Each structure stands twice: as structure tokens, then as C-alpha cells.
Amino acid sequence: MPGLLAEMDRAGIDHGLLLQLFEAPSVRAGLEEAAAQRRAGHGRLHTVTTVDPTRGKEEVRAAIRLWDAVPGLAGIKLYPGYKPFYPHDPRLAPVYEYAHRRGLPILVHQGDTLDGIGLVKYARPIEVDEVAGRYRDVRFVLCHLGNPWVHEAAELVYKNENVYADTSGLLAHPSTPYFDRMVRQAREVLYATLVTIGRPDRILYGSDWPLEGLEVAVELVDRLDLPEEDRAAILGGNAARLFGLSRRPRRSRAAPSAK
Ligand SMILES: [Zn+2]
């Protein structure tokens with residue numbers, strides 16, 4: 001954690017969201033790890049929990065009982081694609097109802113699965129449309145801008161006032177072949193997304209740390225040719241509002257991280 005906090009300082013980031021991964025042996029084990037990270041974060045690191053609905057209804061019920069005891073929970077991330085379920089899977093209804101009761105955003109993994117084992121058909125933005133419409137007061141975040149289905153993600157954000165998207169995972173390590181071109185392409189994708197939506201207030205900076213460096217991810221947004229207030233909204237203002245994070249007077253940024 002000290003390494004992450006130092007990297008956050010270097011990148012000018014106030015707050016980070018620590019996303020639990022679906023591989024945790026149990027929700028309880030994941031939450032215990034998250035509590036330790038949260039303590040080490042001195043109020044700057046916030047827990048985003050997860051649950052795998054394919055483990056059954058009792059797993060979902062047990063997760064919700066555990067979440068009830070977690071103070072300051074920032075959100076719930078779902079991993080369709082890595083696991084074989086759609087966001088509109090009926091087994092997730094209690095999760096969405098819980099998110100509604102507690103005002104928690106739902107982050108939805110989108111697009112490519114790093115392991116090559118998952119099925120990306122579960123991780124398309126269009127599959128979020130149904131639940132975004134059914135649960136109008138639950139806010140959904142399309143992670144990774146839906147990459148590679150970025151136009152589909154932009155349409156979802158445009159259509160649904162309760163749908164957001166984040167910029168995490170658009171880049172890889174700078175040693176990746178064609179990295180400079182990758183950065184330019186990601187900026188073009190962001191411009192196209194903003195044009196489709198017509199406003200910047202539901203696009204969130206994200207990093208996918210440690211797969212992406214925080215500074216590289218910040219730079220992707222910071223160098224966009226946009227009004228300063230729009231860049232500031234994407235780099236932190238929107239996330240601060242969505243996740244209820246306090247802001248510093250200057251350079252306030254929030255950093256969704258992990259895959
Ligand atoms: Zn993800």
C-alpha cells in the first residue's frame with residue numbers, strides 16, 4: 001500500500017477505489033483484505049466489493065449480509081465475461097436492490113478478459129441496457145469504456161442518465177508494441193465518446209492499476225484538448241460526486257483501479 005499511495009501522490013491523485021477481484025476464495029476473505037487495505041490507506045483508499053452470482057443464490061445472500069457490516073463501502077463490481085453470467089441475470093436482482101437501498105454504484109466489467117478463458121459475449125455494453133432501464137435509480141459504470149465496444153458504451157451512456165463509463169484499461173504497459181499509437185487511438189476514442197454523449201459529466205478517469213501506471217492513465221485524459229473544467233470533471237469531479245468522495249481544492253482526482 002505505501003507504494004500505491006506514493007504513486008498516487010506522484011500522479012496527483014487524492015482517492016483510489018480498490019476493486020476486489022472475482023478470484024477471492026470468498027466474499028468474506030476479500031472483505032478482510034479490503035479492510036486492511038482501507039486502514040493502510042488513511043482515508044484515501046475505498047473498497048469496491050464483488051460477488052459471483054454463478055456461485056448461487058446463497059452466495060449472493062451471504063455477500064449482502066457481509067456488505068451490511070462494511071462501513072464506507074464505495075461500490076460493487078461485477079465481472080461478467082470472466083464468469084459466465086449476463087448483467088441481467090435474475091440471480092443479480094438482490095444485488096441491484098441492495099445497491100438501490102444503499103445508494104451504491106454498480107461497476108460492470110466490460111470487454112476483453114485478460115485470461116483468455118472468459119467469454120466476452122457476456123461483457124458487452126448492450127447487455128447492461130436492460131438492467132439500467134429496470135433500475136433507473138441505480139448508477140452503473142461501464143468499465144474500460146466497453147473496450148472494444150466503445151461506441152456501444154457511448155450509446156448506453158447517452159441513452160441512460162444512470163449509466164457512466166470509465167477510462168481504465170484503454171492502455172497497456174508503455175513497453176507494448178505501438179504504444180504511442182495506442183495512446184493516440186485511446187484519445188480519439190475518448191473524443192468520439194464525448195461527441196456521442198454531448199457532455200463530460202458521466203465519464204470517469206480510471207487506471208486499471210497495476211496493469212496501467214497511474215501517471216500514464218492521468219496523462220491520457222489530461223492531454224485531451226478539452227475545456228479545463230471538462231478535464232477536471234473527468235479526472236475527479238464526476239467520481240467524487242458518484243462515489244461520495246471528499247475533494248481537495250486543487251487537482252482532485254479519483255482513481256478506479258484494478259481490472
Ligand atoms: Zn474490469
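Our structure's up above, just so we're on the same page.
Residues numbered from 1 in each chain as written. Predicted model: local features only at pLDDT ≥ 70, side-chain atom pairs only at ≥ 80, totals over all residues.

I keep staring at the overall build of the protein chain and nothing clicks. Help me out?
Of the regular secondary structure elements, the protein chain holds nine helices and eight strands. Its C-alpha atoms give the protein chain a radius of gyration of 17 Å, within 12% of the compact-globule value 18 Å for 259 residues. Along the first, second and third principal axes, the C-alpha atoms of the protein chain reach 50 × 40 × 35 Å. Counting only residues that meet the buried cut, the protein chain has 46% of its 259 residues in that class. Considering only residue pairs separated by 6 or more positions, the protein chain has 73% of its internal contacts joining residues 24 or more positions apart. (Helix = DSSP H or I, 4+ residues; strand = E, 2+ residues; numbered from the N terminus. Rg over C-alpha atoms; globule rule 2.2 N^0.38 Å. Buried ≥ 20, exposed ≤ 12 C-beta atoms within 10 Å, placed from the backbone. Contact = placed C-beta atoms within 7 Å.)

Got a minute to help me understand the nonpolar core in this structure?
For soluble globular proteins, nonpolar side chains are generally found buried alongside one another. Ranked by internal contacts, the top residues of the largest apolar core, which has 67 residues, are Ile106, Val108, Phe140, Val141, Leu142 and Ala153. If near-sequence neighbours (up to four positions away) are discounted, isoleucine 106 is found in contact with Gly75, Ile76, Leu78, Tyr96, Ala99, Val138 and Phe140. (Core = buried A, V, L, I, M, F, W, Y, C linked by C-beta atoms within 7 Å.)

Help me out: how do you make sense of the environment of alanine 63 in this one?
Within the secondary structure, alanine 63 is located in helix 3 (residues 57–68). Of the residues examined, alanine 63 has 25 C-beta atoms within 10 Å and is grouped as buried. When the C-alpha positions of alanine 63 and aspartate 14 are compared, they lie 29 Å apart, and in sequence the two are 49 residues distant. Not counting chain neighbours up to four residues away, the residues in contact with alanine 63 comprise Val27 and Val51.

Where do I start with the packing of helix 2 (residues 27–40) against helix 3 in this structure?
Two numbers describe a pair of packed helices, the interaxial angle and the distance between the axes. Taken N-terminus to C-terminus, the directions of helix 2 and helix 3 make an angle of 25 degrees; their axes are 10 Å apart at the nearest point. By the angle between their directions, the pair helix 2 and helix 3 is classed as roughly parallel. As helix 2 runs across helix 3, the sense of the crossing is right-handed. In this structure, helix 2 contributes Val27, Arg28 and Leu31 to the contact, and helix 3 contributes Ala62, Ala63 and Leu66. Class assignment of the residues belonging to the contact of helix 2 with helix 3 gives a composition of five nonpolar, no polar and one charged. (Axes fitted to C-alpha atoms, helices over the stretch in contact; angles between N-to-C directions. Parallel < 35°, antiparallel > 145°, perpendicular 65-115°, else oblique. Left-handed = near helix turned anticlockwise from the far one by under 90°. Nonpolar A, V, L, I, M, F, W, Y, C, P; charged D, E, K, R; others polar.)

I tried to follow helix 2 on my own but got confused; where do I start?
One full turn of an α-helix is made of 3.6 residues, so residues set three or four places apart face in the same direction. Taking 1.5 Å per residue, 14 residues should reach 20 Å; helix 2 reaches 20 Å between its end C-alpha atoms and fits that length. Within the span of helix 2, buried status applies to Val27, Gly30, Leu31, Ala34 and Arg38. Projected down its long axis, helix 2 carries its buried residues within an arc of 95 degrees, all on one side. Facing away from the buried side of helix 2 by over 90 degrees, the exposed positions are Ala29, Ala36 and Arg39. (Expected span 1.5 Å × (residues − 1). Arc of directions from axis to C-beta.)

Got a minute to help me understand the packing of helix 8 (residues 214–222) against helix 9 (residues 228–243) in this structure?
With their axes 10 Å apart at the nearest point, helix 8 and helix 9 run at an angle of 150 degrees to one another. The pairing of helix 8 with helix 9 is recorded here as roughly antiparallel in orientation. Considering how the two elements wind past one another, helix 8 and helix 9 form a crossing that is right-handed. Together, Val218, Val221 and Asp222 of helix 8 and Arg231, Ile234 and Leu235 of helix 9 make up the contact between the two elements. Here the contact of helix 8 with helix 9 is built from residues that sort into four nonpolar, no polar and two charged.

Just checking my understanding: could you explain unusual backbone geometry for this structure?
Negative phi values dominate among residues other than glycine, just as trans dominates among peptide bonds. With an omega of 15 degrees, the peptide bond running from asparagine 147 to proline 148 counts as cis. Tracing the backbone through its elements, the reader meets proline 148 in the loop between strand 5 (140–142) and helix 6 (150–159). Cis rather than trans, the peptide bond between tryptophan 209 and proline 210 has omega equal to 5 degrees. The phi torsion at histidine 144 lies on the positive side, around 60 degrees, for a residue other than glycine. Mapped onto the secondary structure, histidine 144 falls in the loop between strand 5 and helix 6. By C-beta crowding, histidine 144 is classed as buried, having 25 other C-beta atoms within 10 Å.

Any chance you could explain the pairing of strand 6 (residues 163–166) here in plain terms?
Side-chain direction in a regular strand flips from residue to residue, so the side chains alternate between the two faces of the sheet. Burial of strand 6 is two-sided: the residues Val163 and Ala165 facing one way and the residues Tyr164 and Asp166 facing the other way are all buried. When strand 5 meets strand 6, the two strands line up parallel, connected through three bridges. By the bridge assignment, phenylalanine 140 is partnered in strand 6 with valine 163. For the segment spanning strand 5, helix 6 and strand 6, crossover handedness is right-handed. Relative to strand 7 (residues 203–204), strand 6 runs parallel, the two being bridged by two bridges. Looking across to strand 7, one finds that aspartate 166 is bridged to leucine 204. (Pairing = 2+ DSSP bridges. Right-handed = clockwise from strand over helix to strand, strands pointing away.)

Purely spatial values, then, with no claim about function.
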